[in-house]
Amino acid sequence: MIPKDHPRYESLLLRARVVEAYKKGILADSGLIAHGRGEAFDYLLGEKTTRNARKAVKAAAAALILAKNPVLSVNGNTAALVPKDIVKLAKVLDSKIEINLFYRTPGRVKLIEEVLKDGGADNVLGTDRDEKGMIQGLEGPRASASRDGVYMADLVLVPLEDGDRAEALVKLGKLLITIDLNPLSRTAQAASITIVDNIVRAIPNLIEAVKELEGTDPSTLHAIVKDFNNQENIGQSLKKISKKHTGGLKS
Ligand code: PTJ
């Protein structure tokens, strides 16, 4: 039981959730390590959504609304932390959800499918029942994607993604949106839109942004996407970290 007045209450609550998901078999053991890395960056960023993360969310929402065939990719960490919100986002966008695991096992796929269905998903792609397409440049189970999902998608939202697969998806011409607390990760650098924020804040913010932008004319949406500069936005996250911890000293 975590005391509510603990200064790191929220952070400890998330830790407890990933540990529980690991014990249930939803989260990969490496998912715990990945979470720790994310936690460190979240701490450095002040554990709040920054102004530049909000900008990235707005651009991501506009791109998701414009996409013809968007797919939300779900891994163990996403299923552990935001299963219901992912389903909500898929519903407001009318998009598909696909399980894509780096450490793929039939058992984890089944458990994550159950978690998403319990969260309200009607259809979940990426299970072993799907017809598969192979993503060029990758090997092993990581290379396969659902033919009706990521393989055919024009836009993929891949939170907490491994760098190799992110780069391979970009090479296939897909618009890649990621959520990654590490602004320097290969995935953050490869994506067209990187939301440098904790997934537990980014997905609810995306739902709100999609609702706000719904009904906006496509030319305005295109302009929002075009005006967004990912490198500049990532640079602002890095500046935020250094300012926060050096009092803004210039070196
Ligand atoms: O469930 P699987 O088998 O698909 O495996 C998932 C992991 C995350 C283990 C796998 O994809 C992996 O090894 O990823 P990486 O390369 O460690 O990248 C994860 C990235 O997510 C890192 O840059 C972390 O900083 C970031 N991260 C971790 N927790 C969060 C996060 N970003 C946003 N919100 C978080 N809560």
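Computed from a predicted model, the values in this text were never measured in an experiment.

**Q** What am I meant to see in empty space enclosed by the protein here?
**A** The gaps left among the atoms become clear once a water-sized probe is rolled over them. All told, the structure shown has one cavity of 30 Å³ or more when counted by the stated rule. Its volume calculated, the largest cavity comes out at about 30 Å³. Along the walls of the largest cavity sit S73, N100, I135, V150, V156, V158, E161, R165 and L169, which together make up its complete lining. Here the lining of the largest cavity is composed, by residue class, of five nonpolar, two polar and two charged.

**Q** How should the sheet that holds strand 2 (residues 96-99) be read in this particular structure?
**A** Pairing within the open sheet is parallel, and its five strands lie in the order 2-1-5-6-7. Strand pairing shows two members of the sheet lacking a second neighbour, strand 2 and strand 7 (193-195), which therefore form its edges. Sheet twist, expressed as the mean angle between neighbouring strand axes with direction ignored, is 20°. Of the pairings in the sheet, the one linking strand 1 (residues 70-74) to strand 5 (residues 155-157) comprises three bridges and is parallel in character. When the bridges of strand 5 are listed, P70 appears paired with L155. Of the strands in this sheet, strand 1, strand 5, strand 6 (175-179) and strand 7 are in contact with helix 3 (residues 51-66), which crosses strand 7 at around 130°.

**Q** What should I look at first to understand the environment of S146 in this one?
**A** Mapping S146 onto the fold places it in strand 4 (residues 144-146). The class for S146 is buried, based on a relative accessible area of 1%. Between the C-alpha atoms of S146 and G126, which are 20 residues apart in sequence, the distance is 5.2 Å. Dropping the residues within four chain positions of it, S146 is found in contact with E98, L125, G126, D130, E131, K132 and Y151.

**Q** For this particular structure, what's the right way to read the pattern of salt bridges?
**A** Close approach of charged atoms lets side chains of opposite charge pair. Under the defined criterion, the tally for this structure stands at 16 salt bridges. The partner of K88 in a salt bridge is D85, and the shortest N-O contact between them spans 3.9 Å. Here D85 and K88 lie together in helix 5 (residues 83-93), a separation of three residues that amounts to about one turn. Across the pair R129 and E113 runs a salt bridge, and its minimum N-O distance is 2.6 Å. Here the residue R129 occupies a position in the loop between helix 6 (106-118) and strand 3 (132-134), and E113 occupies one in helix 6, the gap between them amounting to 16 residues. Among the residues examined, R129 registers a relative accessible area of 62% and is labelled exposed. Residue classification places E113 among the buried positions, given a relative accessible area of 10%. In the salt-bridge network here, residues are joined through shared partners; they are R142, D162, D164, E167 and R186.

Criteria and cut-off values
- Residues numbered from 1 in each chain as written.
- Predicted model: local features only at pLDDT ≥ 70, side-chain atom pairs only at ≥ 80, totals over all residues.
- Heavy atoms only, no water.
- 1 Å grid on protein atoms, 1.4 Å probe; cavity = no way out; pocket = protein on both sides within 12 Å on 5 of 7 lines; lining within 4 Å.
- Points joined across faces, edges and corners; volume = space filled by probe spheres on them.
- Nonpolar A, V, L, I, M, F, W, Y, C, P; charged D, E, K, R; others polar.
- Pairing = 2+ DSSP bridges.
- Helix = DSSP H or I, 4+ residues; strand = E, 2+ residues; numbered from the N terminus.
- Axes fitted to C-alpha atoms, helices over the stretch in contact; angles between N-to-C directions.
- Contact = heavy atoms within 4.5 Å.
- Buried < 20%, exposed > 50% of the residue type's maximum accessible area, 1.4 Å probe, protein only.
- Salt bridge = Lys/Arg side-chain N within 4 Å of Asp/Glu carboxyl O.

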